[in-house]
Structures are given as C-alpha cells and as structure tokens.
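Structural characterization, general
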Amino acid sequence: MKRVMFVCKKNSARSQIAEGFAKTLGKGKIEVISSGLEASQVRPEAIAVMKEVGIDITDQHSKPLSDFKAEDFDVVISLCGCGVNLPPEWVVREVFEDWQLDDPAEQPEIFPRVRDEIQERVTQLIESVSQEFTPAI
C-alpha cells in the first residue's frame, strides 16, 4: 500500500483537509498522514467545513515535517506551493506534486471552495495511485 504525505506550511487547514479526505476516500487503498514545515493547531474552520461533508477530523493534530523521514513515503503532495522550501529528499519521492492551493486561513470565506478543490484532487490522486498499482487481470 502506498504511503502519502500531505504537507503545507503550518499543517492547520489544507493539509488537514486533504488528510481527512484521503483517509476516508482512500481507506484500504493508501496510507496517509499530513504535516507542516512547522506545526501549529488545526483551524476550527477546517474542522467545520469537513463536518459539512460528513468527515470528522477532530482527532487530527498538527505535526512538523521534521518528525518524519522522506524515505517512508512514496507520494508527497505540497498543498501550498511550499515545495520549494522542502528538503530535497522530499521532492524526489516516487510521486511529488505541488498543488499551490489558495490559503483559506488568509480568507476564511474561501474554506468551502478550497475544501471542494482538495476533495477533487485527492479523489484523482487516489484513482491514479490505485490504477497504477492494481494488478492486471
């Protein structure tokens, strides 16, 4: 099973939302965790917009990227354009993408739009990773 790391600046909103969707939509297909260049707190707005779509992320907490080893992950997704600030070992994983999504912490009114964009991208990611590693019949 492929291991996915979602990373953002503070691991407070976008990466937490991505982790919530990936754990729910990718259950049994991928293992997932999120982290930030620095740790902070999960934003209440992130918890609220996920609750609106029936996903509870209240048990998730912010974690620093420094707590993890790049070699433990196959897929690394930056959600905030912070890929340029990641240590080199993180951007040379099997799959690395930098989604560069707007920061809802700066504009709380865009939380629902950003959540929906993340859901769409996470769904596509799960499909591509699952198809790539599904044995042919």
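For the structure given in this document, a descriptive report is provided here. The residue numbering used here restarts from 1 in each chain and proceeds along that chain's sequence as written. Only residues with pLDDT of 70 or above have their local features reported here, since the model is predicted, and side-chain atom pairs are shown and tallied only from 80 upward, although totals for entire chains, interfaces and linings are computed over all residues. Just so you know, side-chain values use all the structure's heavy atoms and leave hydrogens and water out.

Strands pair, by our definition, only if DSSP identifies at least two bridges between them. Numbering of helices and strands runs from the N terminus, with a helix taken as a DSSP run of H or I at least four residues long and a strand as a DSSP run of E at least two residues long. Here we have four strands laid out as an open sheet, ordered β2-β1-β3-β4, and parallel in their pairing. In this open sheet, the two strands that pair with only one neighbour each are β2 (30-36) and β4 (95-98). With direction set aside, neighbouring strand axes in the sheet form an average angle of 15 degrees. With seven bridges joining them, strand β1 (residues 2-8) and β2 adopt parallel strand pairing. Residue Val 4 lies in a different strand from β2, and its bridge partner there is Val 32. The criterion used for residue contact is that any of the two residues' heavy atoms lie within 4.5 Å. In this analysis an axis means a line fitted to C-alpha atoms, helices contributing only their contacting stretch, and an angle means the value between N-to-C directions, from 0 to 180 degrees. Running over the sheet, helix α1 (residues 14-25) touches β1 and β2 and is turned about 170 degrees from β2.

Turning our attention to unusual backbone geometry. At Asn 11, a position not held by glycine, the phi torsion is positive, near 55 degrees. Notably, Gln 100 is not glycine yet its phi reads approximately 50 degrees, a positive angle. Its place among the elements puts Gln 100 in the loop between β4 and α4 (111-132).

In strand β3 (residues 75-78), alternate side chains face the same way, and those of Val 75 and Ile 77 on one face and Val 76 and Ser 78 on the other are all buried. One ladder, built from four bridges, connects β1 with β3; its direction is parallel. If you follow Met 5 over to β3, its bridge partner there is Val 76. Pairing between β3 and β4: four bridges, direction parallel. The residue of β4 that forms the bridge with Ile 77 is Glu 97. Burial classes: relative accessible area under 20% of the type maximum marks a residue as buried, over 50% as exposed, and values in between as partly exposed (1.4 Å probe, protein chains only).

All quantities given are derived from atomic positions and should not be read as evidence of function.
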